[in-house]
Structures are given as C-alpha cells and as structure tokens.
Protein chains: 4
Amino acid sequence: MAKPADKAEAILAAALELFVERGFHGTAVPLVAEKAGVSAGTLYHYFESKEALVNVLYRKWKAAIAQRVFDGFPADKPPREQFRTVWQRMAEFALAHPREFAFLELHYHGAYLDQESNAMEAHLLEFAAAMIKKAQAEQALKQQPHEVLLAFSNGAFIGLFRASVEGRVELTMELLMAAEQCCWEAIRA
Amino acid sequence: MAKPADKAEAILAAALELFVERGFHGTAVPLVAEKAGVSAGTLYHYFESKEALVNVLYRKWKAAIAQRVFDGFPADKPPREQFRTVWQRMAEFALAHPREFAFLELHYHGAYLDQESNAMEAHLLEFAAAMIKKAQAEQALKQQPHEVLLAFSNGAFIGLFRASVEGRVELTMELLMAAEQCCWEAIRA
Amino acid sequence: MAKPADKAEAILAAALELFVERGFHGTAVPLVAEKAGVSAGTLYHYFESKEALVNVLYRKWKAAIAQRVFDGFPADKPPREQFRTVWQRMAEFALAHPREFAFLELHYHGAYLDQESNAMEAHLLEFAAAMIKKAQAEQALKQQPHEVLLAFSNGAFIGLFRASVEGRVELTMELLMAAEQCCWEAIRA
Amino acid sequence: MAKPADKAEAILAAALELFVERGFHGTAVPLVAEKAGVSAGTLYHYFESKEALVNVLYRKWKAAIAQRVFDGFPADKPPREQFRTVWQRMAEFALAHPREFAFLELHYHGAYLDQESNAMEAHLLEFAAAMIKKAQAEQALKQQPHEVLLAFSNGAFIGLFRASVEGRVELTMELLMAAEQCCWEAIRA
DNA sequence: CATGAATGAGTTTTCATTCAT
DNA sequence: TATGAATGAAAACTCATTCAT
C-alpha cells in the first residue's frame, strides 16, 4: 500500500486539476476522491472538509511559488536585476506548473480562503512591496504608490499567462523575458 | 406591478451581485430569486436555466463595455491617442460599474459560457487586435506578437482593478491615467 | 375569434394527442394549452382542472365509441351477426380514430377517473354483458362466465390494435374481419 | 444491516408496487425510497435515474417471464401442446406475480423504455413468432400473418388478466386453461 | 372572455459528510 | 487506516393553478 503521504498528495493533485477546470464550488468531493484513487472516507481522513482541502492546496502552492521566487533573493543587486530575477523565476514556475499557477491566480478565491491562507498571501505581498519601496528609494522606479507598481506588474504577468491558457499566445521563456523588458520600461523611473 | 422587463432586470442585477461575491457555482438560484424579489419559478420564466442566466448577464455587460470603449473609436487619430482613449474609457467603465467589471474580468468563466458568449468575446479581441496591428504597422508599437501586447495591457489594467477590489489600492481616474502612461511606455516602439 | 366551443375542442384535441404520447401525468397543462393555441388561463376557463379535463376527454370518446357501436344495435338478429356487427363497428371506429382508441384502451387510467367516468364504462360493459348473456341463453356461445367471453374478445381486439400502434401489424378492415372470424370461433358454442 | 443487494431489491419492489398503482410519471422518487425504507440519496446510489430504475425493473421481470415461459420449451412436441404449454406457463406466472404482470403488460411504457429494454421485448416477440411460423408451416395454425395470431392470443390473455385486476373476473388456473382452449380454437387451422 | 406572468409546492437529482464494517 | 454505502439537506428545475390586467 502507498505511504499515507502519497494518498494526501494524490488527493491534492486530483483536487488541483478539478478545481482549475471547474472551480471550487463546481467540483464534487467524491469526484476528487475518485480521481485520486481513494474513497471519499479516506479523503476526509486526510482533510477535515472541502474548505480545509482547498486551503491546504492554496497554501502549498503559494508557499512553493514564494520559495521559488524569493529564496535567495539578490537583495544586494540593483533593482533592474532584482526585477528581472523575480520575473524570470515566476516565469519558470508558471511554465513548469501551469495548472498550479492557474489555480492560484486565475480563480477568484472568494469566501473559502481562511485566515491563514490570507495571511500567507498578505505576507508575500508585503515582501514584494518592500522590494519595490527600496527600489523607489533608490530612484530606480516611478514614484507611483508601490501597490500600483506591484498590481500593474503582477497583472501584466497574469494577463500573459491567461492568454496562454486561453490559447491566444504560446508562452515561452523568450517571450516572457521580452515582456519583462516591456514591464520594466513601464515601471522604471 | 412592475413591467416585465423590470423583473428580468431585477434578476440580472441580483445575479450579478451574487455571482461576483460567491461565483456562479457558489450561488443558488433561489437566492438570486429572493434577492431580486421574485419567486424561483419566475426566474425560470425569464431565463431558461442558470446557465442561460449567466450567459445573458455576461453578454449584456460585455456588450455594454464594448459599446462604451469602441463606439466612435478615433480611427484616424495617432496610436498614442487611440491607446489613451481606449484605456480611459475602460477606466470610466470600471469606475462607474465596478461590480460589472469584476464579474466580467475577475472570474474564471470556465465551462458555462456558451458559444454566443465566446463568440462575442472573440469579436472584441479581434477588434482590439486590429487596432494594435495597425499601430504596429505604423511603427508606433513594439514588434511583439500583437496578442502579447494586448494580453499585457489588458492584464495590467485588470491587475490594478483587482488590487482595488481587494482593498490594496484606491482607484481614481488620475491614478489610472498615470498607469496608462506606464503601460504606453511598456508597449511603444 | 373562434367560437367558445372551438377552443374547448382545440384543448381536448391537444390533450388527447399529448396524453396518448406521454400519458396523463407526463403531460404538462401549459403544453396542452400551447398545442391548443390558447393560454393556460383559458384552458382553466373551460376545464376546472387537469383531472376534469381528462375525464371530459375520456367520457367524450367513450360516449362516441358507445354510440358508434351500439346505436341501432341489431337486437333481433342472430348472435353471429350481432357479434360481427359489434366487432366491425369497433374496427371502423379504431381505424377512423386510432389516437382516440389508443387513449381509451391502451392507457391505464388509474386513479384520475372520476365516478362519472367509471359509471359510464360500467354501463357500457353491462350492455355488452347483456348481449353475451342473451347469446349464451340461445346456446350460441360457450358457457363460460360472460365476463370471460367479453374480456377475451375485447382483449383480442385491443391486442391487435396495440400491435398496429407498435408497428408490428398493419391493420386493415379485411384483417380485422378475419380476426373477427377467429374470435367467433373462440367463443361460439 | 441488510446486504446491499437487499436494498436494491427493496427499491425495485417498492417501485414496482407504486408504478403499478400510479404509473411511472405519477410516482415520485422519494415515495419509492420511503416505501423501500431507504433515503432518496440511497436510491440514486443504486440507480442512475428514475428512468434507469424503471428500465431495470422492466427488464428484470421481462427476463423472469421469458425464462418461466420459454425455458425448456418443448420444441419437439406438436403445436397444440406447445401452445398449451406456453399459455399455461404464462398463466402460472400471472397468477403467481400479478403485480409484476400488470406492470409489464397493463401499462403503456411510452418514451421511457431504453434501447436495451426494447431490444429484450423484440427478442421475446421474435421467439414467439418463430414458434408460430413453425406451427403454420405444419398447417396447424391459420394462415394469417403470424404477427396477427400472436397479437390476438397475447391480447386475449391480457384482456382476461385486466378483467381480473379490475375485479370483473376471478382468475383461476381452470378458467385460464378453459380460455386457452377458446384461444386455440381461434387460431388453429 | 382571454391572457400569460407569477407563484410556491413539488419534482428529480446532487453532494458534503458520516459511520459501520 | 480505509472503505463506500448511506444520509438528508439543498440544489436546479417543473408545473398545476391563480389572478391582475
């Protein structure tokens, strides 16, 4: 028999796929269990509820993306390089894990995210905000509110990703890095 | 008693609000009816099904935004001005109808949009693409694939809007027009 | 505008067709109204309820078949001729009004027939029973309980009709009269 | 707790009774569940839909009657004896399982029977037709189309059964075998 | 008389969750 | 641990009937 952890992983993988396709409310728990190859009872053995499941899933991949993007962040490099690094790492993640990225960023996670999930998201945003504020202090970025520069850049990235999901653009690393240059030109001082 | 059209309108308004808050699958039909002040049976008198309702709603506001943005489009003006005009009109729409814009752009409308709705969206994208291609021919924009420039700009706008919905930015016309300048700097040749 | 009677007739005709195809419970009143070219309200102007409608329909055609079969019944003719006459008249009716006959005889009219309808049916059966008893008294028919001879003959006729409805037999007058001879051989003394 | 099969059986038994009394469309699913002593959800655990349920029920008893009537069919006996055997076995079945027989033969199963059910019925009719054709080839039966002889006999049997259900005749084996003799006289050469 | 929008109870069906095994 | 049958509340949807116009 598989190790317990494998079952939880199988459930998370199945849930991810279904939530991306059909949304949280549009996905039935027994369907998740079936796709994961376990019984509904087993799913509830590993996750307290459907909400708990979606929150674990959300945090798992938010943490993954955070680690991928911010671990070993080049705090001592110039803003131009920092921005490129962050954008490139997000691109690597999105290209390597498109479903996970779609789950995190293409869906409106309304009322079912719990405090812990929201706190994690807030923490990430704060980190990014700090980076931007530092670059603004160095006169490297425009003097817009830092939230605006963040929302703009993030939105642009997600816009490209969405176009790829919807089949209008074929994303490649080259294309994304060209877009990085565009975005830099938008926000640089 | 209210005119029939008023009931359909009341249902559409109620559905909009609830779909924005809780998503399509997360919203129960009787709840929509109650909020609209009609019975569930009446809702089905006006709309064939929950899916039909969401599609009518989607097309209604997609058409509204299209009209607002593209009616009397300044085809003979230079690209810079055209871009500003389109961005400004979208901003006006998004500020005047934030819920409607959120419904259209912040939610992932997966499987429930029908052919007609998808065709309308495709038509809009084609119009925008034509505008971009013309500007590219005039060497006013970067020579990226036009879909990329579109997805980037659109994404950036939506990113700002989302930040506003989530309370991280307070959108104003000034702020949005400053962002417009940023975006232009990102895509101009 | 059509005469009132015409509307009631149109409703009865529409109801007949739909009840034959989908049964009483499987047929929605608004559908009957639509098929009749009137509004639901109008239908209820002419018929108190769906049950009242089906009962009126039932009695209308039971009376029609009774009249067709038993009016001017040749009471003074020999049983052989009486039987042929009755069978032939039923055949004429069934061939001329297959839908009506199907409604009356192919459907199980369970709980929705009212007392008046049941009384009419009982009256008809009594008439037929009297005919059979008289023929038995003349030693023309077998000495089975008269109900048995009646049920047998009636069942045989309906069996042929059902085979026609289900497309297994093409009913013609000739075929039905040949069957009449068969049936006579079954029940004659 | 009862074995799973028992629940499915209980549901089938409850459905049979209610469908006979009120017809398919006149019977609500929760009523079936309640009569079977299970919840509505459980019913849907065993049967995909109300239609699936009625089809399983139909095939179950069609198969039962087919086995009862045609298993070990005396193919080498003379037609007279074959006919008596078939009629007698049908009689035994109808007397032993009047509700089941009524469900199969007294109700008009219009649009809800699926292909598999219709195919099973067609197969049965073919078997009976073959028997009749063979007897016709031996000059034992009248030279009517074999479908006519079949529809006639079948109809006569069902007519008697219906009279019994409606309380006009009390069916016994003796009475049914007397009717068998009648029917033979109707169809023999 | 005629309409058809409106109703709300009823229909079929789904689904998050539990629990006996 | 693991199962999956079982549940019952709630979902989407239908329909007989009414009533303001």
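All of these numbers come straight from a predicted model, not from anything done at the bench.

1. Some details on the overall build of chain A
From N to C terminus, chain A includes 9 helices and 0 strands. Starting at the N terminus and ending at the C terminus, chain A contains elements arranged as α-α-α-α-α-α-α-α-α. Split into buried and exposed, the 189 residues of chain A put 52% on the buried side. Sequence separation of 24 or more characterises 69% of the internal contacts of chain A that already satisfy a separation of 6 or more. As displayed, chain A has an accessible area near 8700 Å², and 54% of this comes from carbon and sulfur atoms. Positive and negative charge centroids in chain A, built from 20 and 24 side chains respectively, lie 2 Å apart.

2. As for the relation of the copies chain D and chain C
Take chain D, turn it by 180 degrees, move it 0.1 Å along the axis, and it overlays chain C with an RMSD of 0.1 Å. Viewed as a symmetry operation, the transformation between the two copies matches a two-fold axis. The fraction of interface residues of chain D whose copies in chain C are also interface residues reaches 100%, indicating that both copies meet through the same surface.

3. What to know about the protein's contact with DNA strand E
DNA strand E sits among 32 residues. The nearest are V29(A), H45(B), Y46(B), Y44(D) and K50(D). One of the side-chain nitrogen or oxygen atoms of Y46(B) is found 2.2 Å away from a phosphate oxygen of DNA strand E. Contact between DNA strand E and V29(D): a phosphate oxygen at 2.7 Å from a main-chain N or O atom of the residue. Of all elements in the fold, only α2 (29-36) of chain A, α3 (40-46) of chain B, α1 (4-22) and α3 (40-46) of chain C together with α2 (29-36) of chain D reach the threshold of two or more residues within the surface near DNA strand E. Broken down by element, the residue count for the surface near DNA strand E peaks at 5 residues, all from α3(C). Its residues assigned to classes, the surface near DNA strand E shows 16 nonpolar, 12 polar and 4 charged.

4. Here's the deal with the interface of chain D and chain C
Counting residues at the interface gives 32 residues for chain D, matched by 33 residues for chain C. The contact between chain D and chain C buries some 2900 Å² in all, and 67% of this surface belongs to carbon and sulfur atoms. On the chain D side of the contact with chain C, Y108(D), F152(D) and C182(D) bury the most area, a combined 22% of that side's loss. Residues K142(D) and E185(C) are paired through a salt bridge, measuring 2.8 Å at the closest nitrogen-oxygen approach. Counting across the interface, chain D meets chain C through 4 residue pairs in polar contact (both at pLDDT 80 or more). Those elements giving two or more residues to the side of chain D that touches chain C turn out to be α1 (4-22), α8 (146-165) and α9 (173-187) of chain D. Sort the elements by how many residues they give to the side of chain D that touches chain C and α8(D) lands first, with 10 residues. Each residue belonging to the side of chain D that touches chain C can be placed in one class, and the counts come to 18 nonpolar, 6 polar and 8 charged.

5. Digging into the interface of chain A and chain B
Between chain A and chain B, the contact holds 32 residues from the first and 32 residues from the second. For the chain A and chain B pair, buried surface summed over both sides reaches about 2900 Å², with 67% attributable to carbon and sulfur atoms. Three residues stand out in chain A for area buried against chain B, namely Y108(A), F152(A) and C182(A), and they jointly supply 21% of the buried area on that side. The tally of links from chain A across to chain B stands at 2 salt bridges. Counting across the chain A and chain B interface gives 4 residue pairs in polar contact (both at pLDDT 80 or more). Residue assignment for the side of chain A that touches chain B shows that the elements contributing at least two residues are α1 (4-22), α8 (146-165) and α9 (173-187) of chain A. If you tally residues by element for the side of chain A that touches chain B, the top one is α8(A), at 10 residues. Of the residues in the side of chain A that touches chain B, the class split is 18 nonpolar, 6 polar and 8 charged.

6. A look at the protein's contact with DNA strand F
By nearness alone, 33 residues border DNA strand F, and T42(A), V29(C), T42(D), H45(D) and Y46(D) come closest of all. For DNA strand F, the fraction of protein-proximal atoms (within 4 Å) that sit in sugar or phosphate groups is 74%. A distance of 3.3 Å separates a sugar or linking oxygen of DNA strand F from a polar side-chain atom of H45(A). Secondary structure elements with two or more residues in the surface near DNA strand F: α3 (40-46) of chain A, α2 (29-36) and α3 of chain B, α2 (29-36) and α3 of chain C together with α3 (40-46) of chain D. The residue makeup of the surface near DNA strand F, split by class, is 15 nonpolar, 14 polar and 4 charged.

7. Some words on the packing of aromatic side chains
In this structure the tally under the stated criterion is 50 aromatic pairs over all chains. Each residue in the set F83(A), W87(A), F101(A), F157(A), F161(A) and W184(A) is aromatic and connected to the rest through ring pairs, giving one cluster. Stacked on the ring of F24(C), the Lys or Arg K50(C) has its end atom at 4.7 Å from the ring centre.

8. Quick look at the relation of the copies chain A and chain B
Overlaying chain A on chain B yields an RMSD of 0.1 Å, the required transformation being a rotation through 180 degrees with an accompanying axial translation of 0.1 Å. Comparing contact sets, 100% of the residues at the interface of chain A also lie at the interface in chain B, consistent with an isologous, same-surface contact.

9. Notes on the packing of helix α7 (residues 115-137) of chain D against α8(D)
Residue and element names in this part refer to chain D. One way to put it is that α7 packs onto α8 with a least axis distance of 9 Å and a crossing angle of 115 degrees. Compared by their axis directions, α7 and α8 come out roughly perpendicular. For the element pair α7 and α8, the recorded crossing hand is right-handed. Every residue of α8 that contacts α7 at L125, A128, A129, I132, K133 and Q136 is listed here: H146, L149 and L150. Of the residues contributing to the contact of α7 with α8, the split by class is 6 nonpolar, 2 polar and 1 charged.

10. Some points on the packing of helix α4 (residues 50-70) of chain B against helix α7 (residues 115-137) of chain B
Residue and element names in this part refer to chain B. Two elements in contact, α4 and α7, have axes whose closest approach is 9 Å; the angle formed by their N-to-C orientations is 15 degrees. The angle between α4 and α7 places the two elements in the roughly parallel class. Handedness of the α4/α7 crossing: left-handed. Between α4 and α7, the residues in contact are N55, Y58, R59, K62, A63, A66 and F70 and E116, S117, M120, E121, L124, F127 and A128, respectively. Considered class by class, the residues forming the contact of α4 with α7 number 8 nonpolar, 2 polar and 4 charged.

11. Some points on the arrangement of the chains
The two units chain A and chain C never meet; even their closest C-alpha atoms stay 31 Å apart. Without any contact between them, chain A and chain D keep their closest C-alpha atoms 13 Å apart.

About the criteria used
Residues numbered from 1 in each chain as written. Chains lettered and ligands numbered in written order. Predicted model: local features only at pLDDT ≥ 70, side-chain atom pairs only at ≥ 80, totals over all residues. Heavy atoms only, no water. Helix = DSSP H or I, 4+ residues; strand = E, 2+ residues; numbered from the N terminus. Buried < 20%, exposed > 50% of the residue type's maximum accessible area, 1.4 Å probe, protein only. Contact = heavy atoms within 4.5 Å. Areas by Shrake-Rupley, 256 points an atom, 1.4 Å probe, with all protein chains shown as cover. Lys, Arg positive; Asp, Glu negative; His and termini not counted. Charge placed at Lys NZ, Arg CZ, Asp CG, Glu CD. Least-squares fit on C-alpha atoms with pLDDT ≥ 70 in both. Near = heavy atom within 4 Å. Polar contact = N/O pair within 3.5 Å; in protein donor to acceptor, adjacent residues only side chain to side chain. Nonpolar A, V, L, I, M, F, W, Y, C, P; charged D, E, K, R; others polar. Buried area = accessible area lost by both parts, 1.4 Å probe. Salt bridge = Lys/Arg side-chain N within 4 Å of Asp/Glu carboxyl O. Phe/Tyr/Trp six-rings, centres within 6.5 Å; stacked < 30°, edge-to-face > 60°. Lys NZ or Arg CZ within 6 Å of the ring centre and 35° of its normal. Axes fitted to C-alpha atoms, helices over the stretch in contact; angles between N-to-C directions. Parallel < 35°, antiparallel > 145°, perpendicular 65-115°, else oblique. Left-handed = near helix turned anticlockwise from the far one by under 90°.

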